[in-house]
Amino acid sequence: MERNDLSQALGTGVVIEAIESMTGAESIAPEHVGRGRLPATGYVPKAVTVDPALQREVETLLYRQAAMLDAKAWADWCGTFSQDGIYWMPATPDQTDWEGQPSIFAEDGLLREVRMGRLQHPNAWSQAAAWGTNHLVGNVIIESAGADRVEVYSRFHMMEIRRDDVRHFAGSYRHSLVREQGQLKIALQRVDLTNGQGLYEYVLQAWV
Amino acid sequence: MSAIDLDYLVQPDRVHRSVYTDQGLFDLEMENIFEKIWVYCGHESQVKKPGDYWTLQIGRQPMVMVRGEDMRIHVLYNRCPHRGVMLCGNQSGNTGKHFVCSYHAWSFKLDGRVSAIPLAKGYDNTRLSFDDPQASMVPAARVDSYRGFVFASLSPTGPSLTEFLGDSKVAFDDVCDRSPEGEVEAVLVCHRVMQRSNWKFFMENQLDCLHPSVTHQSSGVPARRVENRLKAEKGEAPLFFHYLSTFASSFDQWDSVQTVNFPNGHGVLKAYMGLRPTDPDTLEYEALMKKAYGEEKAEEYLSRSIHHVLVYPYLSVQSPLQQLRCLRPIGPDRTLSEIWHFRLKGVPEPIYRRSLWYFNLVNSPATMINADDLENWTKGQWGLQSKGGDWVSFHREHGRDTETDSASYSNRGTSEVVMRNQFKAWKAYMKPVIASSVA
């Protein structure tokens, strides 16, 4: 192409405007939905005004509970639950009951005792590898504060190192707390892992 | 590729480490085993309505299983014929009446045939015509199902699905026969755990009776402690403690469990867990079974001595508890496992929950059992890099098993006949390939 022809070609053109018409894709298959199976649901916590002292007490419990995991103080961690307390990590966020549906963790006190026993067993082979975690807990919101039950929402981030592999797990906690002999104890801890249905490069050995 | 001497690599009682580590051998396995044989795609209940789909991998090929408008299930290469872009980028969903490419909106009917192309006149008088199969999504060469479990083969020729499954089809019979309606439904949660090891490790491990009381002692021992305490205090303990405590049995007990090893590498580990307690829920369930099938058949179905069944080279089915693990090999040292649970139709809720405990405790991503298996397989893969020795030993009980035309019955539970039988099948799959690649 001669120089002059190029200047001429570049000197003309159209301007495309987003006028009100079907997009190209809509015109081809108007009913098509490209999204996946799971709905993009999210849980938004309720909020109530509470006594700042209760807020502090609840936050301290949550922070200490997470610190016990990082310190591998398994017995102390188990002790944060009430007699019938349940630790539950549902497989998907739409689940409402800790029993009767596939879960990642669904453990009462007896099963927590088994898991603790495993973690402490001298021949838990997978525990031979250097392994540690770091939890951060925040965004603590008390959703309701009754005389005998406190519902708490929070978010967490956990970094894990095992040998040379770093992994991240994050999500939300929902703690149902009851008071036993003056102490707040966990009746139910629900853990919704944002990457709960992600690909696991290795399993979860301990509670998150 | 230089000549491979299969008879050197795979000997009756030992194999060369390179069969687990060599990229060239892995590529040959993909091309000539996984991309030819019948590969499990999913259960038909995963795609109930037209447009429902699940994506999956057959060998190295990204595929999609979809329910058509005519309710038939199609398995298609997940690829737009225009510029090669993958059509379904999700694990699962509903695609409506069409697959639509996100790049240029080429669209396809649910059987893969091209439906519309934007500004189609742009192809007038070109070499591309819309009735050319190359303008459509390519279907798997063969699709078939057995009792609701869907398989596809990328090869137009070869054994039929039932010929391929052979005796291992008892896996699906045992799953379905335990329902008074003879059917199951997939629970739509698929856990995916990566194994940092060759796919063969998992297949060998599944019928390896010498490892449980070593590898899993740390879970079996505390479970037994709690189970015994509950029995002492209350006279009984929930069955799920038994799921874990059996792992802590002695070597002698494990040696008494038999394996049955079929042609093509398939096999069965016979039952070792008591799954027929006499609680009211179980009695109600067994009564339903007897009503549906009659006394004799019901007894046959309920007392089948199976712990799990292997469909070689990629499936482990724990049929009495309706769970399945499917391998998708990624590389010589990487294997994706997909873990599923199925619900028996027409059984009381507690019977579902009883098997659900196994899914949650043993097969979930927080498994107390596979945590130690995965550690073994990872270290196994690392160890096989070592030049400290070239051979993997399968000598245990060699020559002392009962061989018949149709199966090898292990003399002792811990016999390595399992691995020997799997490698016999591997060698048979690889032999014609290697002969032709050398020629």
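Given the structure is predicted, the values throughout are model-derived calculations rather than measurements.

Caption draft 1: Representation of the overall build of chain B in the model. Within chain B, the secondary structure is distributed over 15 helices and 23 strands. Relative to the 2.2 N^0.38 estimate, which gives 22 Å for 439 residues, the radius of gyration of chain B is 23 Å and therefore close to what a compact globule would have. Overall, chain B is about 85 × 55 × 40 Å in size when its C-alpha atoms are taken along their principal axes. Relative to its 439 residues, chain B shows a buried fraction of 47%. Within chain B, contacts between residues separated by at least 24 positions form 65% of all contacts whose residues are at least 6 apart in sequence.

Caption draft 2: Geometry of helix α5 (residues 109–120) of chain A. Under the 1.5 Å per step criterion, the end-to-end length of α5 of chain A is 16 Å for 12 residues, consistent within 8% with the ideal 16 Å. Every buried residue belonging to α5 of chain A is among Leu111, Val114, Arg115, Gly117, Arg118 and Leu119 of chain A, and all of these are buried.

Caption draft 3: Structural context of the sheet that holds strand β12 (residues 149–153) of chain B. Residue and element names in this part refer to chain B. Across the sheet, 3 strands lie side by side as β3-β12-β11; this open sheet has antiparallel pairing. In this open sheet, the two strands that pair with only one neighbour each are β3 (39–43) and β11 (142–146). Averaged over neighbouring strand pairs, the angle between their axes works out to 30° when direction is ignored. As paired elements, β11 and β12 share 5 bridges and run antiparallel to each other. Bridging from a neighbouring strand, arginine 142 pairs with serine 153 of β12.

Caption draft 4: Summary view of the nonpolar core. Val39, Cys41, Met63 and Met65 of chain B are the most contacted members of the largest nonpolar core, which has 137 residues in total. The residues that make up this core include at least three from each of domain 1 (39–146) and domain 2 (167–209 + 257–438) of chain B. For cysteine 41 of chain B, the residues in contact, after removing those within four places along its chain, are Leu56, Met65, Val75, Val150, Phe151 and Ala152 of chain B. Formed by 11 residues, the second largest nonpolar core is a distinct cluster that contains Leu62, Ile142, Val152 and Leu177 of chain A.

Caption draft 5: Broad picture of the packing of α5 of chain A against helix α8 (residues 217–234) of chain B. In contact at an axis separation of 8 Å, α5 of chain A and α8 of chain B are set at 140° when each is read in the N-to-C sense. As for how α5 of chain A packs across α8 of chain B, the hand of that crossing is right-handed. Contacts between α5 of chain A and α8 of chain B involve Leu110, Glu113, Val114, Gly117 and Arg118 of chain A on the former and, on the latter, Ser218, Ser219, Val221, Pro222, Ala223, Arg225 and Val226 of chain B. Its residues assigned to classes, the contact of α5 of chain A with α8 of chain B comprises 6 nonpolar, 3 polar and 3 charged.

Caption draft 6: Up close: the domain arrangement of chain B. Residue and element names in this part refer to chain B. Segmentation of chain B into domains returns domain 1 (39–146) and domain 2 (167–209 + 257–438). One C-alpha centre belongs to domain 1, the other to domain 2; they are set 32 Å apart. Opposite the 7 residues of domain 1 that make contact, domain 2 presents 10 residues. Among the elements that line the side of domain 1 that touches domain 2, the one with the most residues is β3, at 3 residues. Partitioning the side of domain 1 that touches domain 2 into residue classes produces 3 nonpolar, 4 polar and no charged.

Caption draft 7: Summary view of the interface of chain A and chain B. Contact with chain A, which involves 38 residues of that partner, is made by 45 residues of chain B. Within the residue set of the side of chain A that touches chain B, elements represented by two or more residues are α2 (24–28), β2 (103–107) and α5 of chain A. Ranked by residue count, the leading element in the side of chain A that touches chain B is α5 of chain A, at 6 residues.

Caption draft 8: Representation of unusual backbone geometry. With an omega of 10°, the peptide bond running from tyrosine 312 of chain B to proline 313 of chain B counts as cis. Checked against the element boundaries, proline 313 of chain B lands in the loop between β17 (308–311) and β18 (315–318). Phi angles above zero are rare outside glycine, and lysine 72 of chain A is one such case at about 55°. Relative to the assigned elements, lysine 72 of chain A resides in the loop between α3 (52–70) and α4 (74–78). A positive phi is found at asparagine 139 of chain A, a non-glycine position, where the angle reads about 55°. Locating asparagine 139 of chain A in the fold gives a position in strand β3 (residues 131–145). Owing to 11 C-beta atoms within 10 Å, asparagine 139 of chain A belongs among the exposed residues under this scheme.

Caption draft 9: Layout of the sheet that holds strand β10 (residues 114–116) of chain B. Residues and elements named next belong to chain B. The sheet built from 3 strands is open, its strands ordered β8-β9-β10 with antiparallel pairing. Edge positions in the open sheet fall to β8 (99–100) and β10, since each of these has one partner strand only. Alignment of strand β9 (residues 107–108) against β10, held across 2 bridges, turns out to be antiparallel. Of the residues in β10, the one forming a bridge with serine 107 is alanine 116.

Caption draft 10: Structural detail: the pairing of strand β4 (residues 52–58) of chain B. All names here are of chain B. Counting buried positions along β4 gives 5 out of 7 residues, so the element sits mostly inside the fold. Summarising the sheet, β4 and strand β5 (residues 61–67) pair through 6 bridges and their orientation is antiparallel. Following the sheet pairing, leucine 56 is matched in β5 by methionine 63. Turn length for the β4-β5 hairpin, with the two strands adjacent in sequence and antiparallel, is 2 residues, and the turn residue glycine 59 shows positive phi of about 60°.

Caption draft 11: Region of the structure containing the environment of glutamine 385 of chain B. Mapping glutamine 385 of chain B onto the fold places it in the loop between α14 (370–383) and β21 (391–393). Judged by C-beta crowding, with 11 C-beta atoms within 10 Å, glutamine 385 of chain B ranks as exposed.

Caption draft 12: Highlighting the packing of helix α11 (residues 280–293) of chain B against helix α12 (residues 295–302) of chain B. All names here are of chain B. Close contact between α11 and α12 brings their axes to 7 Å; oriented N to C, the two are set at 130°. Relative to α12, the element α11 lies oblique. Considering only the axes of α11 and α12, their crossing is right-handed. Contacts between α11 and α12 involve Glu286, Met289, Lys290 and Tyr293 on the former and, on the latter, Glu295, Lys297, Ala298, Tyr301 and Leu302.

Caption draft 13: Molecular detail of the environment of valine 114 of chain B. Residue and element names in this part refer to chain B. Mapped onto the elements of the fold, valine 114 is located in strand β10. On the basis of neighbour counts, which here come to 22 C-beta atoms within 10 Å, the residue valine 114 falls in the buried class. Here the alpha-carbon distance between valine 114 and serine 256, two residues 142 residues apart in the chain, equals 58 Å. Apart from residues lying up to four places away in sequence, valine 114 is in contact with Trp106, Phe108, Phe130, Ala135 and Ser136.

Conventions we followed
Residues numbered from 1 in each chain as written. Chains lettered and ligands numbered in written order. Predicted model: local features only at pLDDT ≥ 70, side-chain atom pairs only at ≥ 80, totals over all residues. Helix = DSSP H or I, 4+ residues; strand = E, 2+ residues; numbered from the N terminus. Rg over C-alpha atoms; globule rule 2.2 N^0.38 Å. Buried ≥ 20, exposed ≤ 12 C-beta atoms within 10 Å, placed from the backbone. Contact = placed C-beta atoms within 7 Å. Expected span 1.5 Å × (residues − 1). Pairing = 2+ DSSP bridges. Axes fitted to C-alpha atoms, helices over the stretch in contact; angles between N-to-C directions. Core = buried A, V, L, I, M, F, W, Y, C linked by C-beta atoms within 7 Å. Domains from an automatic or database assignment. Left-handed = near helix turned anticlockwise from the far one by under 90°. Nonpolar A, V, L, I, M, F, W, Y, C, P; charged D, E, K, R; others polar. Parallel < 35°, antiparallel > 145°, perpendicular 65-115°, else oblique.

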